[in-house]
Amino acid sequence: MTSLQLSAKEEMLEKFLDAAARGDLSQVSTLLSNAPSLINQTGHSGWTALMLAARNGHHHVAEKLLLLGCDKFSVNSSSQTAYDIATFWGHRHIAGLLGRAADGCGRILPGADLHPHENYFSRETLDRQSGRRTDKVWLEAKQSDSETVYLLFSNLSPMVRTQQQDGSEAQGDMKLCLFRFEEVKDLLLKPSSVTIFLGIEKTKSPSSSSSSEKAESLSEPPVWFAINTDEDAAALLERCREKNCSFPRSPNRDLLKLSEEEAGVVAQARSVLAWHSRYSFCPTCGGATKMEEGGYKRSCLNSECRSLQGVHNTCYPRVDPVVIMLVIHPDGNQCLLGRKKVFPVGMFSCLAGFVEPGETLEEAVRRETEEESGVTVGPVQYVSCQPWPMPSNLMIGCLAVAVSTDIKVDEKEIEEARWFPRQQVIDSLFRGDRSVFVIPPRQTIAHQLVRHWICMNSNL
Ligand SMILES: NC(=O)C1=CN([C@@H]2O[C@H](COP(=O)(O)OP(=O)(O)OC[C@H]3O[C@@H](n4cnc5c(N)ncnc54)[C@H](O)[C@@H]3O)[C@@H](O)[C@H]2O)C=CC1
Ligand SMILES: [Mg+2]
Ligand SMILES: [Mg+2]
Ligand SMILES: [Mg+2]
Ligand SMILES: [Zn+2]
């Protein structure tokens, strides 16, 4: 492609985005009929036409873009969807349009917020195909298929390559190293390796399908597996043809640099691999176990073991539910955030805690808030959840309303907890002001809960 062609394309994109921002429906429609691929493209700001229409309150443009199948879930560099933007700027009619489920679910679940909140670690790019896990013949054939994709984990860290050499922390700076069967087949045979089936790549919805595309879609998309091995890490890195590869040492920080798609795959793979590394022996009798069902089951080898009678939850990968809550002051204008000693300087986050056996989510929110801050909580509302693969938590995000306001922290866990006025939260969240406090990164559900609260009531 010549630079002239490139600049003509760029010019058309600028025109298209500008038309969406101005609400010029006829120009948006004309440009799209000439170049349908413009629909999901972003300009220098990382904003799509839908985001610009949402920002400026152009309902008719947003409606047209949705009708033509644009992706309403894409996010800008601040992780905002068009829905977030419409909500933040107070364009409720557009937020309503974007939040509406296409199949009329709104009638069946009136009052429910049907806009799916997407958190980091939660994008599903693979179809897990759980039915295939018991098909040993299919799994074995797929393991040696030349199209199959392998992720390589050492000590539960995936091999990644870093794009930037300046130690940048930005999301997308890290990419997973992908391997083929030929490059890892020796590892598959090692008794100490654990190989799990992750799923099949999801096919993109066939909007414009030419006959060649149709033929292509008939063959099955690539299957993904993940291997955890205790082979020497330096030797493993030599297998990769890419430069700047490593196994990140600090998952809590480093795994936040992946793209949304790759983070979703890592959340699944790391949690299951961590379960295998922690549950090598049968929790019921202490006997040896064997892996089954593509890595989604471990069965006891002791034929007398009680875990073989009926269904035992010890045989399946575990998930630990954690409630995480943004507690709102009874005046509606302050929220409760706390800090642990281990947090980076100045950082305050939502309170959180493991759900205990025999406890509802609402009770866990009330108990953990009261234990950690001394504040009593009344109503609790679920917002969204986030898999947190360190090693296998499910963070259940809630808003809660306080009915008492005096703070008395549990010093064993929390160093300090405070009520933060809405304006201070806005300054930290949107203006990057670190003078009062630092909010956790946007990949955390804590950040998203705070953002949700601010956007919920804003009419700026
Ligand atoms: N994604 C996010 O935005 C955030 C994630 N988190 C995660 O939530 C998790 C729980 O939060 P905490 O305040 O630490 O919980 P917490 O307030 O319940 O206290 C943790 C203590 O609970 C006990 N405990 C009970 N059940 C446990 C289990 N299944 N696994 C481990 N320890 C258990 C342990 O003694 C542990 O030290 C942490 O692992 C943290 O990584 C916490 C805050 C923000
Ligand atoms: Mg806690
Ligand atoms: Mg607890
Ligand atoms: Mg606690
Ligand atoms: Zn057993």
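Each value, and the rule that gives it
Residues numbered from 1 in each chain as written. Chains lettered and ligands numbered in written order. Predicted model: local features only at pLDDT ≥ 70, side-chain atom pairs only at ≥ 80, totals over all residues. Heavy atoms only, no water. UniProt positions renumbered as here; feature names shortened; annotations may be inferred. Pairing = 2+ DSSP bridges. Helix = DSSP H or I, 4+ residues; strand = E, 2+ residues; numbered from the N terminus. Contact = heavy atoms within 4.5 Å. Axes fitted to C-alpha atoms, helices over the stretch in contact; angles between N-to-C directions. Donors = N, O, S within 2.8 Å, 3.2 Å for Na, K, Ca; no water. Buried < 20%, exposed > 50% of the residue type's maximum accessible area, 1.4 Å probe, protein only. Near = heavy atom within 4 Å. Polar contact = N/O pair within 3.5 Å; in protein donor to acceptor, adjacent residues only side chain to side chain. Areas by Shrake-Rupley, 256 points an atom, 1.4 Å probe, with all protein chains shown as cover. Core = buried A, V, L, I, M, F, W, Y, C linked by side-chain atoms within 4.5 Å. Domains from an automatic or database assignment. Salt bridge = Lys/Arg side-chain N within 4 Å of Asp/Glu carboxyl O.

- By the naming in an unreviewed UniProt entry, the protein is NAD-capped RNA hydrolase NUDT12, taken from Xiphophorus maculatus.
- Regarding the protein, the relevant UniProt record gives this comment under Subunit (unreviewed entry): "Homodimer. Homodimerization is essential for its catalytic activity and protein stability. Interacts (via ANK repeats) with BLMH."

Overview of the sheet that holds strand E3 (residues 157-158)
Reasoning step 1: Reading across the sheet, the five strands line up as E1-E6-E7-E2-E3 and stay open at both edges, with mixed pairing between neighbours. What marks the edges here is a single partner per strand, and that holds for strand E1 (126-127) and E3.
Reasoning step 2: Against the sheet, helix H8 (residues 136-143) engages strand E2 (149-154), strand E6 (194-201) and strand E7 (223-229), with an angle of about 80° to E7.
Reasoning step 3: Strands in contact with helix H9 (residues 181-189) are E2, E6 and E7; relative to E2, the strand with the most contacts, it is inclined by about 50°.

So, the coordination of the magnesium ion (ligand 2)
Reasoning step 1: Note on the magnesium ion (ligand 2): its protein donors are Ala352 (O), Glu372 (OE) and Glu413 (OE). The metal-donor distances range over 2.0 to 2.1 Å.
Reasoning step 2: Summarised as a motif, the one-chain spacing of the donors to the magnesium ion (ligand 2) is A-x19-E-x40-E.
Reasoning step 3: A distance of 5.7 Å spans the gap from the magnesium ion (ligand 2) to the magnesium ion (ligand 3). Pair noted here: Ala352 is in strand E13 (residues 351-354) and Glu372 is in helix H14 (residues 361-373), with a separation of 20 residues, a long-range link.
Reasoning step 4: We classify Ala352 as partly exposed; its relative accessible area is 22%.

Quick word on the site of ligand 1
Reasoning step 1: Ligand 1 sits among 17 residues. The nearest are Lys340, Ala352, Phe354, Glu372 and Glu413.
Reasoning step 2: Measuring from an oxygen atom of ligand 1, one finds a backbone N or O atom of Ala352 at 3.0 Å.
Reasoning step 3: Between Trp388 and ligand 1, the recorded distance is 3.5 Å, taken from a side-chain N or O atom to an oxygen atom.
Reasoning step 4: When ligand 1 is considered free in solution it has 850 Å² of accessible area, and contact with the protein chains removes 60% of it.
Reasoning step 5: Among the elements of the structure, strand E11 (320-328), E13, H14, strand E14 (377-388), strand E15 (393-402) and helix H16 (445-457) are those that each provide at least two residues to the shell around ligand 1.

Structural notes on the nonpolar core
Reasoning step 1: By size, the foremost hydrophobic cluster in this structure holds 52 residues, and its most contacted members are Phe121, Leu198, Leu258, Leu326 and Leu337.
Reasoning step 2: Counting residues per element, this core draws most heavily on helix H13 (residues 260-278), at eight residues.
Reasoning step 3: The residues that make up this core include at least three from each of domain 2 (126-278) and domain 3 (320-457).
Reasoning step 4: Judged by nonpolar contacts, the second largest core, of 30 residues, contains Phe16, Ala35, Tyr83 and Ile85.

Quick word on the pattern of salt bridges
Reasoning step 1: Enumeration according to the criterion identifies 27 salt bridges in this entry.
Reasoning step 2: Across the pair Asp24 and Arg22 runs a salt bridge, and its minimum N-O distance is 3.5 Å.
Reasoning step 3: Since its relative accessible area comes to 24%, Asp24 is described here as partly exposed.
Reasoning step 4: One salt bridge connects Arg366 with Glu363, and the closest N-O pair in it is separated by 3.2 Å.

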